[in-house]
Amino acid sequence: MPLPHATGSPELLAPAGSLAMLRTALAYGADAVYAGQPRYSLRVRNNDFGDLQALAQGVAEVHAARRKLYVVSNILPHNAKLRTYLADMQPVIAIRPDALIMADPGLIDLVRESWPEMPVHLSVQANTLNFAAVRFWQRLGIARIILSRELSLQEIEEIRQQCPDVELEVFVHGALCVAYSGRCLLSGYFNHRDPNQGTCTNSCRWQYRLHAAGRDATGDLQARPGQVVRDRTAAWLLEERERPGELMPIEEDEHGTYIMNSKDLRAVEYVGRLLEIGVDSLKIEGRTKSPYYVARSTQVYRRAIDDAAAGRPFDPALLGELDGLANRGYTAGFLQRHRAHDMQNYLRGHSESGRSLYVGDLLTWDPVAQRALIEVRNRFSVGDHLEVIHPSGNRRLTLQCMHDLAGAEIGVAPGNGHRVWIPWPSDLPGALLARLL
């Protein structure tokens, strides 16, 4: 079978933290999805696939759609998990996922010995930065290499040229970690929740304040009553919002809010270039995010891939579609080299939606009254310009009226926890609703 890059169109790989996300990804054009069990992947929270039956159901649905599902098993284990790994993975292998995504050499060796027929994809956690490393893993039987996020387009191209007969995967969208390819210790330091064991609390995305420490006559740092200064040699102290009074030393300048928070990766404008290079799979990050996020991002990257494969020019409107997702500002990461302040998200550290806001899900359609029951996710009002997002195509409307469940006409859907009826032209099962800003 030829490699995907030989066919001219790469795989679009979308995240699945639940069956709902998995189904959404398939509906909006993903060629494959990836999901992982909490114990052996780096996503413990918002992960429904600790239930083996859910994982088996997901594999069955993906294969019925003639797509692929990869099981993420990329934990960097301590001895305790090493001892339980093979027994726990036996039923996973039995449901026949299309590959395992792995990072730890010891676990890879166990899998290769026990199930030599199971394809293994090397996780980005393995930090593969050069073609010599790609060749090393290829000789060990690894089917696909997920390249490090720290690579430029030129470096990816050189790896492809030097390694033409192994599959390459590249991240194109989603959150970026402040640490080297995600190997962060900050969460473990704060909360004793180790990111490399799947329990990251995203400490780099919390809100911080900087305090200039004054010194007394002896030269010692001054601390207000109740405050703890961990290092009395520091001149700048960091205070996390949820830990008032606990001051930690840090070396920084005047940019004191969200100082460890990277902008989110967005590489949709480079999809055509990645196709030219011959990358086999383009990956969207986000297993802990919402079905709306999966729908929007998958839809946009599907269109970008299809346009590039057909020789059509890049559509700049796709950038605006992704601005509709909650984000912390966007960067192309290391695909194009930037100055430090372009990479670091100093000025737009808060989560923001630039173009539209996810406001609801379609629950049911009343063909007699030509209306839809909406599960409200965020506030919207009569007169708002809305976008209906559906695999069959998106459409826009201006909301003329709205009714509550008792039939009374209302002007505002207040927010999460409410259900409302709105005029709806046709049956669009699974449609999502966004308010244009």
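What you see is a predicted model; the values in this text were computed from it and never measured.

Reading guide: rules and limits
- Starting from 1, residues in each chain are numbered consecutively following that chain's sequence as written.
- Given that this is a predicted model, residues contribute local features only at a pLDDT of at least 70 and side-chain atom pairs are listed and counted only at 80 or more, while totals for whole chains, interfaces and linings are drawn from all residues.
- Only hydrogens and water are removed before side-chain values are computed, so all heavy atoms of the structure are retained for them.
- Any two strands between which DSSP finds at least two bridges are classified as paired.
- Where helices and strands are cited, they refer to DSSP runs of H or I of at least four residues and of E of at least two residues respectively, numbered from the N terminus.
- To obtain each axis, a line is fitted to C-alpha atoms, and for helices this fit is confined to the stretch in contact; angles are then taken between N-to-C directions over 0 to 180 degrees.
- A pair of Phe, Tyr and Trp rings is counted when the ring centres sit within 6.5 Å of each other, with Trp represented by its six-membered ring. The angle between the planes then sorts it: under 30 degrees is stacked, over 60 is edge-to-face, the rest tilted.
- In this scheme, a residue with accessible area under 20% of its type's maximum is buried, one over 50% is exposed, and one in between is partly exposed, where area comes from a 1.4 Å probe on protein chains only.
- Lysine and arginine charges are scored as sitting over a ring when NZ or CZ, respectively, is within 6 Å of the ring centre and within 35 degrees of the ring normal.
- Just to be clear on terms, a salt bridge is a Lys or Arg side-chain nitrogen sitting within 4 Å of an Asp or Glu carboxyl oxygen.
- Roughly parallel covers angles under 35 degrees, roughly antiparallel covers those over 145, roughly perpendicular covers 65 to 115, and oblique covers all other angles.
- By the definition used in this description, the sense in which the near helix is turned from the far one sets the handedness, with an anticlockwise turn below a right angle giving left-handed and a clockwise turn giving right-handed.
- Throughout, a contact is declared for two residues whenever any of their heavy atoms are within 4.5 Å.
- Three classes are used: nonpolar for Ala, Val, Leu, Ile, Met, Phe, Trp, Tyr, Cys and Pro, charged for Asp, Glu, Lys and Arg, and polar for all others, with Gly counted as polar.
- Joining through side-chain atoms within 4.5 Å is the link that ties buried Ala, Val, Leu, Ile, Met, Phe, Trp, Tyr and Cys residues into a set, and such a set is a nonpolar core.

**Q** What is the right way to read the sheet that holds strand E15 (residues 356-366) from this model?
**A** Strand pairing in a sheet relies on backbone hydrogen bonds, with the paired strands running either antiparallel or parallel. Read from one edge to the other, the open sheet built from six strands follows the order E19-E18-E22-E15-E16-E21, with strand pairing classed as antiparallel. One side of each edge strand has no neighbouring strand; the edge strands of this open sheet are strand E19 (395-398) and strand E21 (419-423). When the angles between neighbouring strand axes are averaged without regard to direction, this sheet yields 35°. Note: strand E16 (residues 371-376) against E21, five bridges, orientation antiparallel. In the strand pairing of E21, Arg 371 is matched with Pro 423.

**Q** How should unusual backbone geometry be read in this particular structure?
**A** One can expect most non-glycine residues to show negative phi and most peptide bonds to be in trans. For Arg 96, which is not glycine, the phi torsion reads 65° and is therefore positive. Positionally, Arg 96 belongs in the loop between helix H3 (79-94) and strand E4 (99-102). Even without glycine at this site, Asn 127 takes up a positive phi of about 60°. Here Asn 127 lies in the loop between strand E5 (120-122) and helix H5 (131-139).

**Q** Please explain the packing of aromatic side chains as it appears in this structure.
**A** Between two aromatic rings, the relevant description is the distance of the centres plus the angle of the planes. Applying the stated criterion to the full structure yields three aromatic pairs. Relative to Trp 137, the ring of Phe 136 lies with its centre 5.2 Å away and its plane at 80°, an arrangement referred to as edge-to-face. Residues Tyr 292 and Tyr 358 carry aromatic rings whose centres are separated by 4.3 Å and whose planes lie at 5° to one another, so their mutual orientation is stacked. On the criterion of sequence distance, the pair formed by Tyr 292 in helix H9 (residues 291-309) and Tyr 358 in strand E15 is long-range, its members being 66 residues apart. Residue Tyr 292 is classed as buried on the basis of its relative accessible area, which comes to 4%. Positioned over the ring face of Tyr 34 is Lys 283, at 4.4 Å from the centre of the ring.

**Q** Would you explain the pattern of salt bridges in this entry?
**A** Oppositely charged side chains are able to pair whenever their charged atoms sit close together. Scanning the entire structure with this criterion turns up 19 salt bridges. Across the pair Arg 144 and Glu 167 runs a salt bridge, and its minimum N-O distance is 2.8 Å. Residue Arg 144 is found in strand E6 (residues 144-146), and its partner Glu 167 is found in strand E7 (residues 167-174); the two are separated by 23 residues along the sequence. What makes Arg 144 buried here is its relative accessible area of 2%. Owing to a relative accessible area of 17%, Glu 167 belongs among the buried residues under this scheme. The closest approach of N and O atoms between Arg 273 and Glu 276, which form a salt bridge, is 3.4 Å. One end of the pair, Arg 273, and the other, Glu 276, are both in helix H8 (residues 271-277), three residues apart, so they sit about a helical turn from each other. One salt-bridge network, held together by shared partners, links Glu 11, Arg 144, Glu 167, Glu 169 and Lys 283.

**Q** Hey, could you run me through the pairing of E19 in this one?
**A** Two faces belong to every sheet, and in a regular strand the side chains alternate between them. Direction of pairing for strand E18 (residues 385-389) relative to E19: antiparallel, over a ladder of four bridges. Following the sheet pairing, Glu 387 is matched in E19 by Arg 396. Here E18 folds back onto E19, and the loop between the two strands holds five residues, one of which, Gly 393, carries a positive phi near 135°.

**Q** Where do I start with the packing of helix H1 (residues 19-27) against H9 in this structure?
**A** How two helices sit against one another is set out by the angle between their axes and by the gap between those axes. Between H1 and H9, whose axes approach to 9 Å, the crossing angle comes to 20°. By the criterion of interaxial angle, the relationship of H1 to H9 is roughly parallel. Here the hand of the crossing between H1 and H9 comes out right-handed. Facing Ala 20, Met 21, Thr 24 and Ala 25 of H1, the residues of H9 in contact are Pro 291, Val 294, Ala 295 and Thr 298. Looking at the contact of H1 with H9 residue by residue, the class counts come to six nonpolar, two polar and no charged.

**Q** In this structure, what is going on with the nonpolar core? I would like to understand it.
**A** One recurring pattern in soluble globular proteins is that nonpolar side chains are buried together. One finds Leu 100, Ile 145, Leu 147 and Ile 156 to be the most contacted residues of the largest nonpolar core, which totals 78 residues. A per-element tally of this core places H9 first, with eight residues. If we skip the residues at most four places from it in the chain, Ile 145 touches Leu 122, Thr 128, Val 134, Trp 137, Val 166, Glu 167, Leu 168 and Glu 169. Ala 372, Val 376, Leu 386 and Val 388 belong to the second-largest nonpolar core, a separate cluster that totals 17 residues.

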